[in-house]
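Okay, here's what each chain looks like letter by letter:
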Amino acid sequence: GVEGKCESECALIEKFVNLTFRSFDPRSCTIQPKTKRIPLETTIDDLKMLCQIWFNVDKTRQQLFYSVEMEDFSPPLPLQGGDETLKELGIIMDAEIQVHTG
């Protein structure tokens, strides 16, 4: 029935988040931000690999930050570590991942 279809689709939707990736690296900050559907099981290391491909910034130089549009204008949070998944970190739909370089 219709209910079963919705349940499986909703479960599928919850396994992904739409994230916008934006580079603040001086050499790639002119590249348009990219919005992608990313599985919640993706690790920080995986994100760095994607950003290396999209923005041509070596993953060893990347510092990723996580930003959500909040009313309190809270600053972006650094994404530390490597093998934590987006799900474990509590990354939510429509957040922005900022690529800075160290």
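Thresholds, definitions, all that
- Residues numbered from 1 in each chain as written.
- Predicted model: local features only at pLDDT ≥ 70, side-chain atom pairs only at ≥ 80, totals over all residues.
- Heavy atoms only, no water.
- Phe/Tyr/Trp six-rings, centres within 6.5 Å; stacked < 30°, edge-to-face > 60°.
- Helix = DSSP H or I, 4+ residues; strand = E, 2+ residues; numbered from the N terminus.
- Lys NZ or Arg CZ within 6 Å of the ring centre and 35° of its normal.
- Buried < 20%, exposed > 50% of the residue type's maximum accessible area, 1.4 Å probe, protein only.
- Polar contact = N/O pair within 3.5 Å; in protein donor to acceptor, adjacent residues only side chain to side chain.
- Core = buried A, V, L, I, M, F, W, Y, C linked by side-chain atoms within 4.5 Å.
- Contact = heavy atoms within 4.5 Å.

1. Some points on the packing of aromatic side chains
Okay, step 1: Considering all chains together, one arrives at one aromatic pair under this definition.
Okay, step 2: For the pair Phe21 and Trp54, a centre-to-centre distance of 5.0 Å together with 65 degrees between the ring planes defines the contact as edge-to-face. Taken together, the positions of Phe21 in strand 1 (residues 16-23) and Trp54 in helix 2 (residues 44-55) put the pair 33 residues apart, joining distant regions of the chain.
Okay, step 3: One Lys or Arg, Arg37, reaches over the ring of Phe16 and ends 4.7 Å from the middle of that ring.

2. With respect to the side chain of Thr42
Okay, step 1: In this fold, Thr42 is placed in the loop between strand 2 (34-39) and helix 2.
Okay, step 2: When its relative accessible area of 9% is taken as the criterion, Thr42 is described as buried.
Okay, step 3: A distance of 2.7 Å separates a polar side-chain atom of Thr42 from the backbone oxygen of Pro39.

3. So, the nonpolar core
Okay, step 1: Judged by nonpolar contacts, the single largest core of 20 residues is most densely connected at Leu19, Phe21, Leu64 and Leu86.
Okay, step 2: Among the elements of the structure, strand 1, helix 2, strand 3 (62-67) and strand 5 (95-101) are those that each provide at least two residues to this core.
Okay, step 3: Ranked by the residues each element gives to this core, the list is headed by helix 2, at five residues.
Okay, step 4: If near-sequence neighbours (up to four positions away) are discounted, Leu19 is found in contact with Lys34, Thr35, Lys36, Ile38, Leu86, Ile91, Ile92, Ala95 and Ile97.

4. Some words on the side chain of Ser67
Okay, step 1: When you line up the elements, Ser67 lands in strand 3.
Okay, step 2: Once residues within four sequence positions are removed from consideration, Ser67 is found in contact with Pro76, Ala95, Glu96 and Gln98.

5. Structural notes on the environment of Lys36
Okay, step 1: Along the polypeptide, Lys36 turns up in strand 2.
Okay, step 2: Separated by 58 residues in the primary sequence, Lys36 and Asp94 place their C-alpha atoms 9.5 Å from one another.
Okay, step 3: Residues contacting Lys36, with those up to four places away along its chain left out, are Val17, Asn18, Leu19, Phe21 and Trp54.

6. Some words on unusual backbone geometry
Okay, step 1: Even without a glycine there, the phi angle at Asn56 is positive, about 55 degrees.
Okay, step 2: One can find Asn56 in the loop between helix 2 and strand 3.
Okay, step 3: Positive phi outside glycine occurs at Asp94, with the angle close to 65 degrees.
Okay, step 4: Tracing the backbone through its elements, the reader meets Asp94 in the loop between helix 3 (86-89) and strand 5.
Okay, step 5: The exposed category is assigned to Asp94, whose relative accessible area is 59%.

7. Looking at the environment of Gln62
Okay, step 1: By the secondary structure assignment, Gln62 is in strand 3.
Okay, step 2: Overall, Gln62 belongs to the buried group, its relative accessible area being 4%.
Okay, step 3: Each C-alpha atom, one on Gln62 and one on Lys48, is 7.0 Å from the other, the two residues being 14 residues apart in sequence.
Okay, step 4: Contact partners of Gln62, with chain neighbours within four places excluded, come to Lys48, Cys51, Gln52, Val57, Val99 and His100.
Okay, step 5: From its side chain, Gln62 meets the backbone oxygen of Lys48 in a polar contact 3.1 Å long.

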